[in-house]
Amino acid sequence: MKNVTKLTAFILVFITVNSKSQSVVKANISNAKYAINLKPRYGRIFEDTVFKTKAIFNAMQRVADWQINTWNSKGFKASKVDWTNGACYTGLFAFGSLKGNQKYLKVLLDIGNDVKWNTGHLRFYADDYCVGQTYAQLYGRYRRKEMITPFTIQADSIVASPHDEPLHWRNNIQLREWAWCDALFMAPPSLAYLSTATDDQKYLNTAIKLWWKTTDFLYDPAEKLYFRDETFFNKKEKNGEKVFWSRGNGWVVAGLVRVLENTPKNHPDRARLEKLFKNMIGRIAKLQQQDGSWHASLLDPDSYPIKEMSGTGFFCYATAWGLNHGLLDEKTYLPVVKRSWLALNSAVKNGMLGYVQPIGASPDQVNANSTAVYGVGAFLLSGVQLYNFMERHPNY
């Protein structure tokens, strides 16, 4: 087979964990022209290159280009400063930061210029300043003061706020405090990246202080997972387990690694953040499904028995980040990353990432046509981390 244009079949994928051991995983790969480059070998056994840097890059390019082309042809579904797009921008920035990929950064520059580098109009609502993290990252690259001036003024008001309200889910508390787990991706990284951009630790210190406030309220230390918000404390799944939402916990671990990325090694909270990260990833890895994905409900995967790509993408990203930063051991966690990357690729058709749960607050239905910009962000974040790992370990 010299010109494979499409393949939907069960393929034996040999994942090399190290030079002495291999694990074999079955994966259903669709649209293999873009996901993998197959080479006939031993009859029905194929040598895969899905984990080669070129293949990882090509997979990300297809998804990124589809999203940008969709924006160009159909426009943005939400405001350009909306949290949904803000989550996507994080992945586009990561992909655009790879060598020779500046055209993706130009997309972000055009968006920033178009909105005059403003965030959303609700000043203390975490969702409305998710875009701040990308502004800060772009500033770190281009050093144009206007990129962070509006957000810096906003961040100063966030730092000055007392943040002394309890996190009970009433009286629109989410407009003033980080009272739901999604907020831990939207807000703390934005403040943390601003600290790095400005070399002012007050933003990071506020991010960490408020991280622990939310964690003390929503984190279940027995399950090592976060409730979405207070209303889920006593809810149960059909199987009697507690309700822990895949994407919700994906927001948390993705936000956590982005805070860690900006936290100095000698910061007094660094060790505690690392411990939380390792505990959560250890738990999440055990909940991975056979096909490499995570379902919408973490403790009752049969309630919605189908792969879900936003949670899967953020889990893949955080785990791969942990490998790249020496916080996780390769023998245990590289197979987790590889299986999840296969699952992510299996959800891509003609560049569109499907099986992304729509906007919500709890586990719900998903199908092949479900797509959303934040899923694209998660895909690109995870792909870049895997790309960086494989670039340093080409024989794994």
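Residues numbered from 1 in each chain as written. Predicted model: local features only at pLDDT ≥ 70, side-chain atom pairs only at ≥ 80, totals over all residues. Heavy atoms only, no water.

K.L.:
What is the right way to look at the overall build of the protein chain in this model?
P.N.:
Summing up its helical and strand segments, the protein chain has 14 helices and 8 strands in all. The buried share of the protein chain, taken over its 396 residues, is 59%. A separation of at least 24 residues holds for 67% of the contacts in the protein chain among residues at least 6 apart in sequence. When the accessible area of the protein chain is evaluated, it comes to approximately 16600 Å², of which 49% is carbon and sulfur surface. (Helix = DSSP H or I, 4+ residues; strand = E, 2+ residues; numbered from the N terminus. Buried < 20%, exposed > 50% of the residue type's maximum accessible area, 1.4 Å probe, protein only. Contact = heavy atoms within 4.5 Å. Areas by Shrake-Rupley, 256 points an atom, 1.4 Å probe, with all protein chains shown as cover.)

K.L.:
Explain unusual backbone geometry here, please?
P.N.:
Backbone phi values are negative for most residues with the exception of glycine, while trans is the configuration of most peptide bonds. Its identity is not glycine, yet K116 carries a phi of approximately 60°, on the positive side. Among the secondary structure elements, K116 is positioned in the loop between α4 (102–114) and α5 (132–142). Even without being glycine, N171 reaches a positive phi, approximately 55°. With respect to the helices and strands, N171 occurs in the loop between α6 (149–160) and α7 (183–186).

K.L.:
Looking at this structure, I do not really get helix α2 (residues 53–74). What am I missing?
P.N.:
An α-helical turn contains 3.6 residues, so a residue and the one three or four places further along point in the same direction. Between its first and last C-alpha, α2 extends 31 Å over 22 residues, near the 32 Å set by a 1.5 Å rise per residue. One or two positions beyond α2, positive phi appears at G75, with a value near 80°. (Expected span 1.5 Å × (residues − 1).)

K.L.:
I tried to follow helix α12 (residues 309–324) on my own but got confused; where do I start?
P.N.:
An ideal rise of 1.5 Å per residue puts 22 Å on 16 residues; α12 measures up with 22 Å between its terminal C-alpha atoms. Taken across its 16 residues, α12 has 16 buried, putting it largely inside the fold. At the C-terminal side of α12, G326 shows a positive phi close to 70°.

K.L.:
Hey, could you run me through the packing of aromatic side chains in this one?
P.N.:
Within a pair of aromatic rings, the relevant descriptors are the distance that separates the centres and the angle that separates the planes. This structure, assessed with the given rule, holds 23 aromatic pairs. Here the aromatic rings of W83 and W251 are separated by 5.9 Å at their centres, their planes lie at 75°, and the arrangement is edge-to-face. Here W83, found in helix α3 (residues 83–96), pairs with W251, found in helix α10 (residues 246–260); they are 168 residues apart in sequence, far enough to count as distant. Across this residue pair, the class does not change: W83 and W251 are buried. The interplanar angle of 50° and the centroid separation of 5.0 Å between the aromatic rings of Y219 and Y226 together place this pair among those described as tilted. Ring-pair connections join several aromatic residues into one group, and the members of that group are W83, F185, W251, F314 and Y374. Sitting above the plane of the W212 ring, R272 keeps its charged end 3.6 Å from the centroid. (Phe/Tyr/Trp six-rings, centres within 6.5 Å; stacked < 30°, edge-to-face > 60°. Lys NZ or Arg CZ within 6 Å of the ring centre and 35° of its normal.)

K.L.:
Mind showing me how you'd approach the confidence of the model for the protein chain here?
P.N.:
In this model, the protein chain carries a mean pLDDT of 90, and residues with pLDDT of at least 70 account for 88%. Contacts for the low-pLDDT stretch residues 1–47, under 50 throughout, to residues beyond four places or in other chains number 94 contacts. (pLDDT = per-residue confidence, 0-100.)

K.L.:
I would appreciate a short explanation of the packing of helix α13 (residues 330–346) against helix α14 (residues 373–392) in the present structure.
P.N.:
For any two helices packed against each other, one specifies the inter-axial angle together with the distance between the axes. Contact geometry for α13 and α14: axes closest at 11 Å, N-to-C directions at 135°. Here α13 lies oblique to α14, going by the angle between them. At the point where α13 passes α14, the crossing takes the left-handed sense. Only F379, S382, G383, L386, F389 and M390 of α14 make contact with α13, whose side of the interface consists of E330, L334, V337, K338, W341, L344 and N345. (Axes fitted to C-alpha atoms, helices over the stretch in contact; angles between N-to-C directions. Parallel < 35°, antiparallel > 145°, perpendicular 65-115°, else oblique. Left-handed = near helix turned anticlockwise from the far one by under 90°.)

K.L.:
Would you mind showing me how to read the pattern of salt bridges here?
P.N.:
Side-chain pairing between opposite charges can occur once the charged atoms of the two side chains come close. Throughout the structure, instances matching the rule amount to 13 salt bridges. Taking the shortest distance from any N to any O, the salt bridge between D200 and K202 comes out at 4.0 Å. Of the charged contacts, one joins D229 and R228 as a salt bridge, the two residues approaching to 2.8 Å between their closest N and O atoms. The class of D229 is buried, set by a relative accessible area of 2%. (Salt bridge = Lys/Arg side-chain N within 4 Å of Asp/Glu carboxyl O.)

K.L.:
Got a minute to help me understand the nonpolar core in this structure?
P.N.:
Soluble globular proteins tend to pack their nonpolar side chains together in the buried interior. Counting residues in hydrophobic clusters, the biggest one holds 126 residues, and the most contacted among them are M60, W211, Y226, W341 and F379. Take this core: its biggest share by element is 12 residues, from α14. Residues contacting F379, with those up to four places away along its chain left out, are A59, M60, V63, W341, L344, N345, V348 and L353. (Core = buried A, V, L, I, M, F, W, Y, C linked by side-chain atoms within 4.5 Å.)

K.L.:
Any chance you could explain the packing of α2 against α4 here in plain terms?
P.N.:
Between α2 and α4, the least distance of the axes is 12 Å, while the angle of their chain directions is 30°. As summarised for this structure, α2 and α4 are arranged roughly parallel, according to the angle between their axes. As α2 packs across α4, the resulting crossing turns out to be left-handed. Between α2 and α4, the residues in contact are Q61, A64, D65, I68 and W71 and K103, Y104, V107 and I111, respectively. Class assignment for the residues of the contact of α2 with α4 results in 6 nonpolar, 1 polar and 2 charged. (Nonpolar A, V, L, I, M, F, W, Y, C, P; charged D, E, K, R; others polar.)

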